[in-house]
Amino acid sequence: MVKKIILSLLLFFCLGTMLSFAQQEKDTVILNLERELKEAKIDTVKADILFNIGSRLFGRDNPRAKNLLNEAVDLLPEASLNNGLRGQIYQYLAAINNDQGNYPIAMTQFIKAKEQFDITNDSLRIANLHHNMAILHNFQGNFELAKENLFKSIHINTIYKDTISLAHNYNTLGEDYGMTKKPDSALFYFDKSKKLFAALNDQRGLNNVKAQLAKFYLGLGDYKKSIALFKECVDFGVKNEIPIYQIIYSNKLAWAYKEAKDYKNALKYCKQSLDLALKNQHRQWIFNGYLQKSEIEEAIGNYKDAYASAKLHKIYSDSIFNKKNIRKIKELELTYAFKKQKLKDSLLFAKEKEFAEVEIENLSIKNKVKNQWLLFGGLGLLTLFLIIYLVRSRKFAISKKKLQEQFSQDLINGQEEERSRLARELHDSVGQKLMLLSKTTKNLGNENAEQLASSTLEEVRTISRGLHPSNLERLGLTEAVNALVYDINANTDLFFTEEIDNIDNTLSKEAELHLYRIIQESLSNIVKHSEAKAVKMEIQKKENSINILVSDNGKGFDIESKYKNMSLGLKTLFERARIIGAYINLVSNHNQGTKLILEIDY
């Protein structure tokens, strides 16, 4: 959460130099521009005015700014000579979409902006775009691509001696090295950025470096330095009467206090940020603030207040992102109410007509009552037989399902037994013979034969460990999972983040084996299919349950089509979860990674 807040702020700074913080002056300019727009007749002139209004609304009213900028793009002809204007419009649209979390759309629009600036040979704007794309890559964990874009930006800014842009470049590069666990390089670039901002007497730039350093020290666990620097950032916002600085840095200071487990001060600065956000109607920071307050209250143990804050977070989130859906629902409700009333009137008329016809029939033919009773009796018997048939069918279906589940469980257990037997055979028989062969070839002095025997022995041992996890019996479930993560981390390019609680002797031996296999299959799928750069593994032991999260930032997949054509590996994974009575949920979307959530009661 802190990482995303800082990256969002940095992207805001890159375009923020185009904005004025004087609210009254902005409003006057916008009013004058709106009057000019009403009088404009030419589309390119209208597009230019719409861009000027949208750029001034950026950071204040992003939804309106987005609509105006999209309208400006539509007004510009395809063969327009105003490539520079089109590029600037795409640049602002990208920044807004980034702020809203629409990262793929933001990247597409940054690329479109670069295409326009390439036509006009506007090198400084291209450098600025490379910087912004680097920030976007940092959001998605693509640190190498981020550095590649940053060095391109630095190269251009060095040629044109754009000192202030270089200062921002070095600041972001320092952050990038900090996130990739290279503290010496991070501090080196932070220092270069700080010196350039100091030479320019750019106090806001220096304040931004302090914010990045505060985040850097927070990542190292040096809460004292982090808190001190964030406090200086807050004081800067108060001294210069910049409400957005006070909101953002109070929010980040609250996170730092929360990490230091100083919940009293965390709650204090969280409320300070939230109150200012509510006063200034900064919706993004309002729902971020309520989410933060909910987490702090939960950490304190104030579950009632935590729940109330979580509800307010959802309300503000919905109010921003779901207005169209709400309006559509209201339209459907009105349509449904009208049709329902119409159907009700129709049914009432039909009933009255039916009643009159029955009365006439009863007066004319008294014997019809007897026939009706016979008819109803027959229908009753038919209904009874139908109910009996449905009950029996349901029982048969339940019985069939239980048999299938038992068969699947027996099949998996049989598979595990066979794996164990094969692992023992490989270890005790083939392994021993290969070990003897290796010693014999060594005594004979045949190096090639000795090397071949040793590598074959190691392959047999690897196969044996894969068939049956001996670490599980020798070390316990917790260390077995740690060993599995360590092995994949050592042999792949994946970046692992893990938080694994001790869960030994919590579950039965059979359940531990099934849980290990589920984690093993999940990590194997990530390595084989996800094309991910980073993996997060969390195993938390609660009072009555074990909660497991395995997530990656890979290419993801369409979950609905995957369920329809489920592979054998996924079927086995879900079946193992059912056997140990675990709740399992798989969440994935294209280009948004995959999450496996598992909850086991004990």
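Residues numbered from 1 in each chain as written. Predicted model: local features only at pLDDT ≥ 70, side-chain atom pairs only at ≥ 80, totals over all residues. Heavy atoms only, no water.

Novice: Would you explain the overall build of the protein in this entry?
Specialist: Counting its secondary structure elements, the protein contains 24 helices and five strands. Residue burial in the protein is summarised as follows: out of 602 residues, 40% are buried. The contacts in the protein between residues at least 6 apart in sequence include a share of 61% that link residues at least 24 apart. (Helix = DSSP H or I, 4+ residues; strand = E, 2+ residues; numbered from the N terminus. Buried < 20%, exposed > 50% of the residue type's maximum accessible area, 1.4 Å probe, protein only. Contact = heavy atoms within 4.5 Å.)

Novice: In this structure, what is going on with the confidence of the model for the protein? I would like to understand it.
Specialist: The predicted coordinates ought not to be read in detail in places where the model reports low pLDDT. Mean pLDDT over the protein works out to 79, with 75% of the residues at or above the 70 mark. The low-confidence segment residues 1-26 (pLDDT under 50) makes 71 contacts with residues lying over four places distant or belonging to another chain. This model gives residues 320-349 a pLDDT under 50, and the stretch forms six contacts once residues within four places in sequence are excluded. (pLDDT = per-residue confidence, 0-100.)

Novice: Just to check I follow, could you spell out the pattern of salt bridges for this structure?
Specialist: Close approach of charged atoms allows side chains of opposite charge to pair. All told, the structure shown has twelve salt bridges when counted by the stated rule. The shortest N-O distance in the salt bridge between Glu144 and Lys147 comes to 3.5 Å. With a gap of three residues between them, Glu144 and Lys147 both fall in helix α8 (residues 143-159), about one helical turn apart. Of the charged contacts in the structure, one is a salt bridge between Glu538 and Lys536, with a shortest N-O distance of 3.0 Å. (Salt bridge = Lys/Arg side-chain N within 4 Å of Asp/Glu carboxyl O.)

Novice: I'm lost on α8 in this one. Help?
Specialist: Helical geometry note: an α-helix holds 3.6 residues per turn, so side chains three or four residues apart project in the same direction. End to end, α8 covers 25 Å across 17 residues, agreeing with the expected 24 Å (1.5 Å per residue, within 8%). Immediately beyond the C-terminal end of α8, within one or two residues, lies Lys161, with a positive phi of roughly 55°. (Expected span 1.5 Å × (residues − 1).)

Novice: Hey, could you run me through the packing of helix α10 (residues 183-200) against helix α11 (residues 203-220) in this one?
Specialist: The relative placement of two packed helices is expressed as an angle between their axes plus a distance between the axes. Interhelical geometry of α10 versus α11 gives an angle of 165° and a closest axis separation of 9 Å. Comparing the axis directions of α10 and α11 gives the class roughly antiparallel. By crossing handedness, the relation of α10 to α11 is classed as left-handed. Residues Pro183, Ala186, Leu187, Phe190, Ser193, Lys194, Phe197 and Ala198 of α10 lie in contact with α11, whose contacting residues are Gly205, Leu206, Val209, Gln212, Leu213, Phe216 and Tyr217. Tallied by class, residues from the contact of α10 with α11 come to eleven nonpolar, three polar and one charged. (Axes fitted to C-alpha atoms, helices over the stretch in contact; angles between N-to-C directions. Parallel < 35°, antiparallel > 145°, perpendicular 65-115°, else oblique. Left-handed = near helix turned anticlockwise from the far one by under 90°. Nonpolar A, V, L, I, M, F, W, Y, C, P; charged D, E, K, R; others polar.)

Novice: Can you help me understand the nonpolar core in this one?
Specialist: Nonpolar side chains tend toward joint burial in soluble globular proteins. Tyr249 and Leu253 are the most contacted members of the largest nonpolar core, which totals 50 residues. Looking at this core, the elements with two or more residues in it are α8, α9 (163-179), α10, α11, α12 (223-239), α13 (243-259), α14 (263-280) and α15 (283-300). Here the element with the most residues in this core is α13; it accounts for nine residues. Core analysis: the next-biggest nonpolar cluster, separate from the first, contains 38 residues, Ala40, Ala65, Ile126 and Ile156 among them. (Core = buried A, V, L, I, M, F, W, Y, C linked by side-chain atoms within 4.5 Å.)

Novice: What exactly am I supposed to notice about the environment of Trp285 here?
Specialist: Tracing the backbone through its elements, the reader meets Trp285 in helix α15. On the basis of relative accessible area, Trp285 is assigned to the buried category, the value being 8%. Sequence separation of Trp285 and Tyr316 is 31 residues, and the distance between their C-alpha atoms is 10.0 Å.

Novice: Please clarify how the packing of aromatic side chains should be interpreted in this entry.
Specialist: The geometry of an aromatic ring pair comes down to the distance between the two centres and the angle between the two planes. Per the stated rule, a full pass over the model turns up nine aromatic pairs. Judged by centre distance (6.0 Å) and plane angle (70°), the ring pair of Phe190 and Phe216 falls under edge-to-face. In this pair, Phe190 is assigned in helix α10 and Phe216 in helix α11, connecting sequence segments 26 residues apart. According to the relative accessible area criterion, Phe216 is buried, its value standing at 8%. Measuring from centroid to centroid gives 5.8 Å for Tyr245 and Tyr249, while their planes differ by 75°, and the two rings are edge-to-face. Here Tyr245 and its partner Tyr249 are both found in helix α13, four residues apart, which amounts to about one turn of the helix. With respect to burial, Tyr245 and Tyr249 carry one shared label: buried. In textbook terms, an aromatic cluster arises when at least three aromatic residues are bridged by ring pairs, as seen for Tyr170, Tyr177, Phe188 and Tyr189. (Phe/Tyr/Trp six-rings, centres within 6.5 Å; stacked < 30°, edge-to-face > 60°.)

Novice: Any chance you could explain the pairing of strand β1 (residues 495-500) here in plain terms?
Specialist: Within a regular strand, side chains alternate between the sheet's two faces. Note that β1 and strand β2 (residues 534-541) share six bridges and pair parallel. When the bridges of β2 are listed, Glu498 appears paired with Met537. In this fold, the crossover linking β1 to β2 by way of helix α22 (residues 509-530) has left-handed handedness. (Pairing = 2+ DSSP bridges. Right-handed = clockwise from strand over helix to strand, strands pointing away.)

Novice: Is there a simple way to think about the sheet that holds β1 in this case?
Specialist: Note: strands within a sheet are paired through backbone hydrogen bonds, in either parallel or antiparallel orientation. Strand order in the open sheet made by the five strands is β1-β2-β3-β5-β4, with mixed pairing throughout. Strands with a single pairing partner mark the edges of an open sheet, and in this sheet they are β1 and β4 (582-588). Looking at each pair of strands side by side, their axes are set apart by 5° on average, direction ignored. Strand direction decides the pairing type here: β2 and strand β3 (residues 545-552), joined by seven bridges, are antiparallel. Bridge pairing in β3 links Gln540 to Asn547. This element, helix α21 (residues 477-491), spans β1 and β2 of the sheet and lies at about 170° to β1. Across the sheet, α22 lies against β1, β2, β3 and β5 (594-601), angled at about 10° from β3, the strand it touches most.

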